[in-house]
Amino acid sequence: MEPPETSSSGGGVVVGFEKAKSMIMRWDATASEEAKEKMIFDGDHDQVDQYLQAVDEIQKAMSSASVSGGDEKVNSAVQIAMARLEDEFHHILLSQTAPLELDSISADATSSVHSFASESTAGGGGEFDQDHDADYVDDGDMSIKDQIQRGDSGSGNSTCYRSTSSIREMDLIPPEAVVDLRLIASRMIASGYLRECTQVYGSVRKSAVDMSFRRLGIEKISIGDIQRLEWDALEGKIRKWIPAAKVCVRILFASEKRLCEQIFEGIGTAVDDACFMETVKGPAIQLFNFAEAISISRRSPEKLFKILDLHDALMDLLPDIEEVFKSKTADSIRVQAAEILSRLTEAARGILSEFENAVLREPSKVPVPGGTIHPLTRYVMNYINLISDYKQTLIGLIMSKPSTGSRYSSDPTTPDMEFTELEGKTPLALHLIWIIVILQFNLDGKSKHYKDASLAHLFMMNNVHYIVQKAKGTQELREMIGDDYLKKLMAKFRQAATNYQRATWVGVLYCLRDEGLHVGGSFSSGVPKSVLRERFKTFNSMFDEVHRTQALWLVPDNQLREELRISISEVLIPAYRSFLGRFRSHIESARHPENYIKYSVEDLEDAVLDFFEGCPVAQHLRRRSQ
């Protein structure tokens, strides 16, 4: 705005000053009820122009000695004018501030990737597609006024005048109101009222940011209070914090920075940076304190995945934080974010190491009933599967091999693992294999608490089979572990199954052997019936016991249970059929054959179907009779 024309003589200045002073006094809210009720900038442009010209005239008089009455009259007029402009500034900020439509813009902030390419590289579409982006030009050579006017001449929608594929700078105040705010700010700062101007600005904008925080669910809570919350409650807060943080950095803080630049850039020295930090420093610290509290909290395995979620979110946000808070006055925010990211990295590494130790030292000694899958096995393998879901993150965090080998070589309570057989695998893959190794080591110790050797082998068979199935269950985990190690696991499973078969059935099948039942080298009428009767009785007794106990044992995997029954039948049924066929007549020719031949071949086949169901034989008998 050009100042009003005045005479070059001193009298011209006086005339201009008196006229300007009259205009200033007319809008003195302390002297006029009308001035108190009305706002200059709510009126027409002529009214605004006249008042601003009067302010310009008074500012000129401040540097002139030709006004009668000297500094006192000028200073009085300046004070009244600045008080009025301060009220106008405050009124415009309040009346023209509208809440951000967070629901409609959150998706952009939370789904974006950090890159400064064109919008089309971010997936395109919607209001930020490539065609829309083409409407924007490089604003680097444009003045603030030009940018504001350009924004005002658009479609009327509240959009950003510049954007990256992640940052969305929105109009917090309409462009025409921004022009008015800049006109006021330039005059207040030129008159030495920088502090008053920035204080009014900061108080209003901080309230607006606080309102946005409340709508996003970001609470004012201390680090200590966060750390005292139960983990279940914290998990819910982390889920809410991640998208909220992306909205805050990419939209809210970025837009506040843009507004400061529009109003204050080029007026004074770094006033825009100072106003921006005055507005958002407190909220930014409040925002990042939550992540900081999580990063320094007590470590435990269940926290790993939410910590990784926080790490990924902050890693994704870091380039945007550096862009939004790139001024020197914002160093503390950038440093805090980088330090939190570093602590989250260390927390993830520490939790993985502590998880390995917890698996190794898990102390339960009470055998699980029926030799089924131990809860530890389920927990660990499900945990490993979740780890594999975070493969891309963890590969970048886990840079060293697990602490095994020579470190524990003299410790009988810790297994060893040969890395030479696993060359070429990432440190993360080695950690996963190491967890499986120590899980098996722990399970092997737990199997020794079973008094029945057969049940101990069945327990190991169940658990190793579960490990194999889980390891093969997802492509990510299978690729990391590798087929060679899976073959080793399968060999352990088969060995456990073989050990079960031997421990259970060698003694039973021994009753059906031919040795000791022939006279003179042939099976003739001379077969000692007492020996034969004893064989049948021993077989019946042993099978009864196996049938009674192993019906209570449990193989939870349907396919494995069926395969195990088939393998038992393939050994037991042919041996019994042959034995019964050769010696049935010798027993039936004597008295009470039913005391010795208790089972038909069909009875045995049915009895084998009762195995590994985890319930008493009586229930199976009732089931078969129905």
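The structure we're discussing is the one just above.
This section reports on the structure supplied with the text.

Thresholds, definitions, all that
Residues numbered from 1 in each chain as written. Predicted model: local features only at pLDDT ≥ 70, side-chain atom pairs only at ≥ 80, totals over all residues. Heavy atoms only, no water. Salt bridge = Lys/Arg side-chain N within 4 Å of Asp/Glu carboxyl O. Buried < 20%, exposed > 50% of the residue type's maximum accessible area, 1.4 Å probe, protein only. Helix = DSSP H or I, 4+ residues; strand = E, 2+ residues; numbered from the N terminus. Phe/Tyr/Trp six-rings, centres within 6.5 Å; stacked < 30°, edge-to-face > 60°. Lys NZ or Arg CZ within 6 Å of the ring centre and 35° of its normal. Core = buried A, V, L, I, M, F, W, Y, C linked by side-chain atoms within 4.5 Å. Contact = heavy atoms within 4.5 Å. Expected span 1.5 Å × (residues − 1).

Observations regarding the pattern of salt bridges
Pairs may arise between side chains of opposite charge once their charged atoms sit close together.
Part 1 of the argument: Under the definition given, this model contains 28 salt bridges.
Part 2 of the argument: For the salt bridge of Glu323 with Lys326, the shortest nitrogen-to-oxygen distance reads 3.6 Å.
Part 3 of the argument: Since its relative accessible area comes to 28%, Glu323 is described here as partly exposed.
Part 4 of the argument: The partner of Glu476 in a salt bridge is Lys391, and the shortest N-O contact between them spans 3.4 Å. Residue Glu476 is found in helix H19 (residues 475-481), and its partner Lys391 is found in helix H16 (residues 391-397); the two are separated by 85 residues along the sequence.
Part 5 of the argument: Classification of Glu476 as partly exposed rests on a relative accessible area of 34%.
Part 6 of the argument: Taken together, the shared-partner salt bridges connect Arg561, Glu562, Arg565 and Glu613 into one network.

A few points about the packing of aromatic side chains
Part 1 of the argument: Using the criterion set out here, one finds 22 aromatic pairs in the structure.
Part 2 of the argument: Ring geometry for Tyr450 versus Phe459: centroids 5.3 Å apart, planes at 50 degrees, classification tilted. An identical accessibility class is assigned to Tyr450 and Phe459; each is buried.
Part 3 of the argument: Where Phe543 meets Tyr599, the ring centres are 5.2 Å apart and the plane angle is 80 degrees; that geometry is what we call edge-to-face. In this pair, Phe543 is assigned in helix H21 (residues 529-550) and Tyr599 in the loop between helix H22 (558-588) and helix H23 (601-608), connecting sequence segments 56 residues apart. Comparing Phe543 with Tyr599, the two get one shared label, buried.
Part 4 of the argument: An aromatic cluster is present here, built from Tyr500, Trp505, Phe539, Phe543, Tyr576, Tyr599, Phe611 and Phe612 joined pairwise through their rings.
Part 5 of the argument: A cation sits over an aromatic face here: Arg513 above Tyr510, 3.7 Å from the ring centre.
Part 6 of the argument: Directly above the aromatic system of Tyr596 lies the positively charged group of Arg533, at a separation of 5.8 Å from the ring centroid.

Comments concerning the nonpolar core
One broad rule of soluble globular proteins: the nonpolar side chains tend to lie buried together.
Part 1 of the argument: In this structure, Phe253 and Phe325 are the most contacted members of the largest nonpolar core, which totals 183 residues.
Part 2 of the argument: For this core, the leading source of residues is helix H11 (residues 231-264), giving 18 residues.
Part 3 of the argument: For Phe253, the contacting residues outside a window of four places in its chain are Val209, Phe213, Cys248, Phe276, Val280, Pro283, Ala284, Leu287, Val324 and Phe325.

Quick word on unusual backbone geometry
Part 1 of the argument: Positive phi, normally seen in glycine, also occurs at Phe612, with a value near 65 degrees.
Part 2 of the argument: Note on placement: Phe612 falls in the loop between H23 and helix H24 (617-625).
Part 3 of the argument: A relative accessible area of 0% means that Phe612 is categorised as buried.

Describing helix H17 (residues 427-447)
Part 1 of the argument: Between its terminal C-alpha atoms H17 stretches 30 Å, which fits the 30 Å expected from 21 residues at 1.5 Å a residue.
Part 2 of the argument: Burial analysis of H17 places 17 of its 21 residues in the buried class, which makes it a mostly covered element.

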